[in-house]
Structure formats: structure tokens, C-alpha cells
Amino acid sequence: MKKRSSTTRPARALLGTAIAFAFALPALPAFADDSNLKVDGYLRQEMSWNMQDWEDTPNYNDRGKLSMARTTARLNLDWKATENVSVVAKLRAVGEVQTPFLRHLEKMGANNYRDGDIMDLYNRNHISDVIRELYVDFTLGDRTRVRLGKQQIAWGETDFFAANDLVHGFDWTWRSFLEPANEELRKANIMAKVNVDVPELDGGLEMFIRPGWDRKSDIGTELEIYGGRWSSQPWAGVDFRNIDPYDYRNDKGDVRDVTGGVRWSGMAGDINYSLSYLKTYWASPIMNGTSKFNGMPGTSPVKTEGRADTNGLFGDIIYPTVDVFGFTASGYADWADAVFSTEVAYIKDAPYNFSSIPGSFGSQVVAPGFDGVKYKDVLAWMIRMDKNLAFTQSLLGTEKPMFFSVQLFDKWIQGYDKDERLLYSVGWGGKAKEHSFLLTGIFGLSYDNGRVRPELVVGTDLSNGGGFAVPSVTVELSKNWRWKVEYDKFWDDEWRDSNKCAAPNASNCDSTTLFGYFHKRDQLYTSLTYLF
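If you're wondering where the values come from, they're calculated on a predicted model, not measured in any experiment.

Student: What am I meant to see in the overall build of the protein here?
Tutor: For the protein, the count of helices and strands is 5 helices and 22 strands. Relative to a compact globule of 532 residues, whose C-alpha radius of gyration would be 24 Å, the protein shows 24 Å and is just as compact. Referenced to the eigenvectors of the C-alpha coordinate spread, the extents of the protein come out at roughly 75 × 55 × 55 Å. A burial count over the protein gives 53% of its 532 residues as buried. Of all intrachain contacts in the protein linking residues separated by at least 6 positions in sequence, the fraction that spans at least 24 positions is 67%. When the accessible surface of the protein is summed, it comes to about 23,400 Å², and 59% of that surface belongs to carbon and sulfur atoms. Placing the 61 positive and 70 negative side-chain charges of the protein at their respective mean positions leaves the two points 5 Å apart.

Structure (C-alpha cells):
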């Protein structure tokens, strides 16, 4: 396949925005005349710069380089067709300009699988991308509401690390986990959802089924394994699909599989609670190592999952299905003048890659994680307190009490055995511990009648070290305009140094965990949004 000319990139980058305008402009006059049609949305320009020189782009100074210049047009249409039927469309088009920094990553090899173009990672404007959601709502009798079509379903209480919010995968390729609006990151799916109110029991039942009609790329959380802007240290410019492509039709997890769930939500006194069961794809991509190299000197046997052997030279990326049994609860406590929330998810047979000794050929020459898959039951739980702190009004001059939220999250591996050498992620040598505690906090201030809102979000890995801090300020310039400035700071106790990880030592040269993936990936970010 011939590589596309770079001269077409600006035109393609702007095409997405033009599509959204094409939808929006005819609709706005109608909105003025038709009270059954609600129209809203935004236009947003986002930019970010690297604040440090990356370790994995040798002979290139990344500091100060523009890493993102992204324009987004969002349009939401809600048409009440009849008294009991409404149609909702949520459209989004994006356009990014290829900066010199992205051009450098492309020259290094970013997104070069099948002669790809790095901007295809960010300018995703196929019709199924532009149509974020499209569904019809209608009622059946007095108690039953039905939603059919492409949609999002959010279960759970957590802000950062999902326990029960596993119905959909997330797209972390263009902004990683830093985008605060999860609805912008979820991969919406074609589903049928039914809600039945049961007022006699102060609750209701929610059921959904996903028939398996989605695109292959619409399942599973998508990490930046293509070597682009949010690739993890030390994998800038490396497109892993050249040796381990996606396998969306594996017996362990097939895009055509029927998945779904059921949840009961209700009130017990003053406590909101829910109980749920979910059949879904495991949120993290899993390396399905090849068995082709069995028998080579210095290698270990690898059992390929779900098929006789892999499509890729070293393996395939798969998303096995799991069963999740969930519970959530939240309520106000007088004694603390705060709202407490908790979430528990018991995940049956969660897949983990592991690192064996001496390791397979793939692990010895590429990175840890090509040695196979083990399945462990996992108990993920979270507890959070949300509280308003009035002392900031006198101490910091805020117009109202500061919003404070603190959350403790844990993944507890059942039947843990240290000798199994489970990995947090393929590509790094950090071994999973029995408990993985993550502590996060949010501090939100408000000035000038809410027009100036400073915020600090911090998080740390209590089990392995490292963390992040995201100070920001959002300014309401006028009724329609919002401006945000943000700094994304990461720190780590361990990072993978490629100079120490040459073959055959690639599998035992580091103990990097979550925040080591973001080594020297600090960003300065700003956005300007027009709401309509």
C-alpha cells in the first residue's frame, strides 16, 4: 500500500470540523422554531506541550515541543418525536494538525503498521467515529423505558480507576487518562437497554444486551501501543502491532460475542445502593504469546490462548471476557458532614500476563509479558469521601467552601502467589502485588461567582510508589466561553531504561509499574471552549 501524501493531512484534519458544522448550522434555526428539538454542543481548541526531554527519543529535544493541536466540534440533538418517543444523536468530529513533534515520532516509526499515517491515530472521522451515540428512547406502559441503538452505560462510583464501570472500553490514545469527561473516552456500543421501575421496593431494574454488532475496534480499552504522543516510556516510535497485532476474534474474547448485564438500584433508608452482574471484556489488553518459538534454546513453553497459534510473529493482543459481580453504595453522614461512597467488584478469572524464568524468546528480546496468561479472581474495591471545607472562605477567600474528595482504590488478587510473577502490564517488569492501593484527592475552589475555578487533582501509588499531580484553573470568560490551563505532572520510583534492556535481558532489567510508564511525560495543556 502506498503511503498517503502529507499534503492531504491539513485538509483531512479540517474535514471533521466541517462535518460537524454541516450538521449544526441547519439545526440551529430549527431549534428556535421547534420546542421538541433540543440542540447543544461545543467547539473546542486544545493544545499541549512537552515539558521534559523524553528518554526514548534519542538525539531529539522534546522539551517545549507542541504535542497536540486539536479542534473538536460536538453536537447533541434530542428530538421528542411523540409524547413517548425521542431520538438522540451525539456527534463529534475532530481535526488535528501534524506538529513537528508528531512528525518526528512518525519518522521513528509511530503508527507505521501496514504503512499507516500517525495522524490517523488522532483524526478519527469515519462515520462510526463521528456518530458517538445514536439511539431511540420509548416507553412501554407506565414502568418500562427502552433504549435501542449506539449508546453509553456508566455503572460504578469511581473517578479514575474503574471497578464496575466496565461496560465499555476506553480510548486513551489522544489524551490518556487525563481527560476528566469519561463520556468523551468511552467506546460506545450498539445495545438494547431496558429500565423497569419498581416503586414498591424503592428501586428499579436495568438490563442491557450487546448483540455483538460493533466494529472490532469498539471493544476493549485502547492503550497507546502505536508509538505516538501518549506512548509509554520507553516505547516512543514503536508500533507493537508489527509483531503482535490485535486479535478480535479469539475464543477467549470475540467481538461477535453477546455480552450484557443486569443491575438493581434502590434506596435503603437514606443509602443509594446497587447490585449488578456484568459479562464484558476485560478492560486491559492482554498479550497472547506465540508458541512458535517453543523448543528454541533458552526459551520456555508458551500456551497460546483461544486458538492454535497467534497471527502475529510474537503474539496477539486480545480482550478476554470476564464475569463481574458488583456492589455500590453512597449516602450522607451527619457525623462527618460528608458523602461517603463505596464500590466493590468481584471479577471472575481476570487475565494476567506473567514473566517466567528464563522467559520465552519474545520476553528475552522484546519485553516481559510474552510468556503466557494466568487467570486470577480479583476483588476491586473503593471507598471515597466527598466533603465541603468551609475554612477556605476565610483562609483563601473562596466564595464558597472548597470541594474536597479523597478516594482509596485497591485491587486484591485472590489466591495470590508471588512465585507466579504476574505483571501489571506487558512491556514492563513490575510484578503485581497482592494488593495495589491507589490514593487520589481532588481540591476544587471557586471565585468570582464561579467564574474562576482553580483545581488540584493528585494521586499516588501506595503499593509501588510514584504518582501524578494536575493543577488547573478554568475561567468562564463569558456565558459561552471557557478557558482552561492545566499542568500534568508525573513522578515515578522506577522506569525502564532501554540501555539496560537489550536482548537477551529484556525480561529482567526493570521493575517499572504504573507511573514509570509516564516517565518524563509531563505536559502543559490548555483549551478554549465555545458552548452553544
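Student: What exactly am I supposed to notice about helix 2 (residues 100-108) here?
Tutor: In an α-helix there are 3.6 residues to a turn, and that puts residues three or four apart on one side. Every buried residue belonging to helix 2 is among Phe-101, Leu-102, His-104, Leu-105 and Glu-106, and all of these are buried. At the C-terminal side of helix 2, Gly-109 shows a positive phi close to 125°.

Student: Help me understand the nonpolar core, please; the structure alone is not making it clear to me.
Tutor: A general tendency of soluble globular proteins is for nonpolar side chains to be buried together. One finds Leu-105, Ile-118 and Ile-347 to be the most contacted residues of the largest nonpolar core, which totals 70 residues. Every residue in contact with Ile-118, bar those within four places of it in the chain, is listed here: Gln-98, Leu-102, Leu-105, Glu-106, Ala-110, Asn-111 and Gly-228.

Student: What exactly am I supposed to notice about the pairing of strand 16 (residues 373-389) here?
Tutor: Within a regular strand, the side chains alternate between the two sheet faces. Bridge count between strand 15 (residues 338-353) and strand 16: 13 bridges; the pairing is antiparallel. Bridge pairing links Tyr-346 to Leu-379 in strand 16. Where strand 16 meets strand 17 (residues 402-413), 12 bridges bridge the pair, whose relative direction is antiparallel. Considered in strand 17, the bridge of Arg-384 is made with Gln-407.

Student: Would you take a moment to explain the state of the cysteines for this structure?
Tutor: Each disulfide is one covalent bond, formed between the sulfur atoms of two cysteines. According to the stated counting rule, one finds 1 disulfide in the structure shown. Across the disulfide, Cys-501 is cross-linked to Cys-509 (sulfur-sulfur distance 2.0 Å). When the S-S torsion is 105°, as for the bridge of Cys-501 with Cys-509, the disulfide is right-handed. Taking relative accessible area as the criterion, Cys-501 reaches 7% and is therefore assigned buried. Note on Cys-509: relative accessible area 19%, which makes it buried.

Student: Would you explain the side chain of Thr-328 in this entry?
Tutor: Within the fold, Thr-328 resides in strand 14 (residues 321-333). Apart from the residues within four sequence positions on either side, Thr-328 is in contact with Gly-156, Glu-157, Asn-164, Asn-272, Tyr-273, Ser-274, Thr-342 and Glu-343.

Student: Before we go on, may I ask you to explain the packing of aromatic side chains in this structure?
Tutor: What describes a pair of aromatic rings is the distance from one ring centre to the other and the angle between the planes of the rings. Taken as a whole and judged by the stated rule, the model has 22 aromatic pairs. Judged by centre distance (6.1 Å) and plane angle (15°), the rings of Phe-314 and Phe-361 are stacked. Placement of the pair is Phe-314 in the loop between strand 12 (286-289) and strand 13 (315-318) and Phe-361 in helix 4 (residues 361-365), with a sequence separation of 47 residues. For Phe-361, a relative accessible area of 27% puts it in the partly exposed group.

Student: Would you mind showing me how to read unusual backbone geometry here?
Tutor: A negative phi holds for most residues other than glycine; trans holds for most peptide bonds. Between Ile-357 and the following residue, Pro-358, the backbone shows a cis peptide bond with an omega angle of 5°. Within the element layout of this structure, Pro-358 appears in the loop between strand 15 and helix 4. In the segment running from Ala-503 into Pro-504, the intervening peptide bond is cis, with an omega of 10°. Note on placement: Pro-504 falls in the loop between strand 21 (481-491) and strand 22 (523-531). Backbone geometry at Arg-114 places phi at a positive 55°, although glycine is not the residue there. Inspection of the secondary structure assignment puts Arg-114 in the loop between helix 2 and helix 3 (127-130). Even without being a glycine, Asp-337 presents a positive backbone phi close to 50°. With respect to the secondary-structure elements, Asp-337 resides in the loop between strand 14 and strand 15. The exposure class assigned to Asp-337 is partly exposed, which follows from its relative accessible area of 43%.

Student: Explain the pattern of salt bridges here, please?
Tutor: Charged atoms that come close allow side chains of opposite charge to pair. Here the structure, examined in full by the defined rule, presents 35 salt bridges. Close ionic contact of Glu-200 with Arg-143 constitutes a salt bridge, the shortest N to O distance being 2.3 Å. Placement of Glu-200 in the loop between strand 6 (189-198) and strand 7 (203-210) and of Arg-143 in the loop between strand 4 (131-140) and strand 5 (144-151) is noted, with a sequence separation of 57 residues between them. What makes Glu-200 exposed here is its relative accessible area of 54%. The exposure class of Arg-143 is partly exposed, given its relative accessible area of 36%.

Student: In this structure, what is going on with the environment of Asn-164? I would like to understand it.
Tutor: Tracing the chain through its elements places Asn-164 in the loop between strand 5 and strand 6. For Asn-164, a relative accessible area of 3% puts it in the buried group. Through-space distance from the C-alpha of Asn-164 to that of Ala-283 is 11 Å; in sequence the pair is 119 residues apart.

Student: How should I be thinking about the environment of Leu-379 in this particular structure?
Tutor: Structurally, Leu-379 can be placed in strand 16. As a C-alpha pair, Leu-379 and Phe-515 span 136 residues in sequence and 22 Å in three-dimensional space. Other than its neighbours up to four places away in sequence, Leu-379 contacts Val-344, Ala-345, Tyr-346, Asp-410, Lys-411, Trp-412 and Gln-414.

Student: Before we go on, may I ask you to explain the pairing of strand 20 (residues 467-476) in this structure?
Tutor: Pairing between strand 19 (residues 452-461) and strand 20: 9 bridges, direction antiparallel. Residue pairing in the sheet places Val-458 in a bridge with Ala-469 of strand 20. Between strand 19 and strand 20, which pair antiparallel in sequence order, lie 5 residues; one of them, Gly-465, sits at a positive phi of approximately 90°. By the bridge criterion, 8 bridges tie strand 20 to strand 21 in an arrangement that is antiparallel.

Student: I keep staring at the side chain of Gln-152 and nothing clicks. Help me out?
Tutor: Within the secondary structure, Gln-152 sits in the loop between strand 5 and strand 6. The exposure class of Gln-152 is buried, given its relative accessible area of 13%. Ignoring any residue separated from it by four or fewer positions in sequence, one finds Gln-152 in contact with Arg-132, Glu-133, His-168, Asn-182, Glu-183, Arg-186 and Ala-188.

Here is what the cut-offs are and how they apply
- Residues numbered from 1 in each chain as written.
- Predicted model: local features only at pLDDT ≥ 70, side-chain atom pairs only at ≥ 80, totals over all residues.
- Heavy atoms only, no water.
- Helix = DSSP H or I, 4+ residues; strand = E, 2+ residues; numbered from the N terminus.
- Rg over C-alpha atoms; globule rule 2.2 N^0.38 Å.
- Buried < 20%, exposed > 50% of the residue type's maximum accessible area, 1.4 Å probe, protein only.
- Contact = heavy atoms within 4.5 Å.
- Areas by Shrake-Rupley, 256 points an atom, 1.4 Å probe, with all protein chains shown as cover.
- Lys, Arg positive; Asp, Glu negative; His and termini not counted.
- Charge placed at Lys NZ, Arg CZ, Asp CG, Glu CD.
- Core = buried A, V, L, I, M, F, W, Y, C linked by side-chain atoms within 4.5 Å.
- Pairing = 2+ DSSP bridges.
- Disulfide = S-S within 2.5 Å.
- Phe/Tyr/Trp six-rings, centres within 6.5 Å; stacked < 30°, edge-to-face > 60°.
- Salt bridge = Lys/Arg side-chain N within 4 Å of Asp/Glu carboxyl O.

So yeah, pure geometry; function would need other evidence.
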